[in-house]
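# Observations on the three-dimensional arrangement
Residue strings, one per chain:
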Amino acid sequence: MRRLVAVGSLSGAPGVTALTLSLAAAWPTAQGVASPVVVEADVSGGDLATRFELPENEGLLMLAAGARRDSVGKELDACALQAPGSLRVVVAPSGAEQAASCVAEIASCLHALRGGETDEGVVLLDLGRLTEGPSRHLARAADRLVIVCRGRAEPLVHVAVRGEWLAEVPAELVVMGPCSYPQVEIAEALKVRRERVHLLGRDARVAAALDGRGRVGRRRWRRSPLTSGARALAARLVGAEEDVTGKAGGELAQLAGRAWPSTASAVGEER
């Protein structure tokens, strides 16, 4: 069966989607196993259909419609659309009401994500902001949970006071961007092991490109702390016991050639 890795935040907008896409691009896979599928399961509505100019009625809507069939998750591959950088994404409707309904349907029929005994691979769930209801159900059902937050006191306090999220499933904490606190101090405050806390540098230009607000060159992608951090986190989530081979540099570099919509603000190309 497919493994589920859920990614979400407990407050604010710390870059959940950017990290999920980066994980998908950097994910190490065994030879012959398909790359991960990113499922946009945010109850507040999706952004990827607009960002990548993909039809939103062929993603999560179609997956939710077929969730109760007896085909045991075969629809997932059919609903995964090709995005720049060889990424496979299941996009959510942009409207919150429609998106929430789809996420609730998927949460009640997990076989739509996991598939059958012979299905292999990983599903990366972009849950956006973690809330009660279907978001929490998916987070609990996942094999691994990644909680994303900023490195300021307020976001870290939100994680501390909702520490049950870290305890319910094997969870990792990713601190995005500048952080005033050392890794060991955060781990002690949250009562988790130090290796479960990851400090990821944030590259503003790379993050803007992932948000659909410009482009960066391939060299910038390869050197980005976000790319290298995602690669290290993906390797940890896979587990050293698995026979895997990593992707050189991360396929997100291919996003550099994306022709973004004309409304996007320019972020200078670096050669």
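Sequence positions are assigned chain by chain, starting from 1 and proceeding in written order. The predicted nature of this model means local features are confined to residues of pLDDT at least 70 and side-chain atom pairs, given and counted, to a pLDDT of 80 or more, with totals for whole chains, interfaces and linings taken over all residues. With hydrogens and water excluded, all non-hydrogen atoms of the structure serve as input to the side-chain values.

### Brief notes about the side chain of aspartate 42
To qualify as a helix, a DSSP run of H or I must reach at least 4 residues; to qualify as a strand, a run of E must reach at least 2; elements of each kind are numbered from the N terminus. Counting through the fold element by element, aspartate 42 comes out in the loop between β2 (37–40) and α2 (48–52). Throughout this description, buried means an accessible area under 20% of the type-specific maximum (1.4 Å probe, protein chains only), exposed means over 50%, and partly exposed covers the range between. When charges are counted, neither His nor the chain ends are considered; positive counts come from Lys and Arg and negative counts from Asp and Glu. Only one rule defines a salt bridge in this text: a Lys or Arg side-chain nitrogen within 4 Å of an Asp or Glu carboxyl oxygen. One buried charged residue, aspartate 42, remains without a salt bridge, the closest side chain of opposite sign being arginine 129 at 9.3 Å. Every residue pair with non-hydrogen atoms within 4.5 Å of one another is taken to be in contact. When residues no more than four places from it in sequence are discounted, the contact partners of aspartate 42 are Ala99, Val103, Asp126, Leu127 and Gly128.

### Some thoughts on helix α5 (residues 96–108)
A helix is expected to span 1.5 Å for every residue after the first. Its 13 residues give α5 an end-to-end C-alpha distance of 18 Å, which sits within 8% of 18 Å, the value for a rise of 1.5 Å per residue. Inspection of α5 places Ala99, Cys102, Val103, Ile106 and Ala107 among the buried residues, and these make up the whole buried set. Each buried residue of α5 lies within a common arc of 135 degrees when the element is viewed along its axis, so the set occupies one face. For α5, the secondary structure elements touched by its buried residues are α3 (60–65), α6 (111–114) and α7 (134–141). Directions pointing from the helix axis toward each C-beta atom define the arc.

### Observations concerning α7
If you check which residues of α7 are buried, you get Ser135, Arg136, Leu138 and Ala139. One side of α7 carries all its buried residues, which in axial view fall inside an arc of 160 degrees. In this structure, the buried side of α7 is in contact with β1 (3–9), α5, α6, β5 (122–129), β6 (144–151) and α9 (164–168).

### A few points about the pairing of strand β7 (residues 171–179)
Among the 9 residues of β7, 7 are classified as buried, and the element is accordingly described as predominantly covered. Strands were regarded as paired on the criterion that DSSP finds at least two bridges between them. Note that β6 and β7 share 7 bridges and pair parallel. In the strand pairing of β7, cysteine 149 is matched with valine 175. The pairing of β7 with strand β8 (residues 197–200) spans 4 bridges and is parallel. When the bridges of β8 are listed, methionine 176 appears paired with leucine 200. Taken together, β7, helix α10 (residues 183–190) and β8 constitute a β-α-β crossover, and its handedness is right-handed. Here a crossover is taken to be right-handed if, once the strands point away from the viewer, the path from the first strand over the helix to the second is traced clockwise.

It is worth stressing that arrangement in space is one thing and function is another; only the former is reported here.
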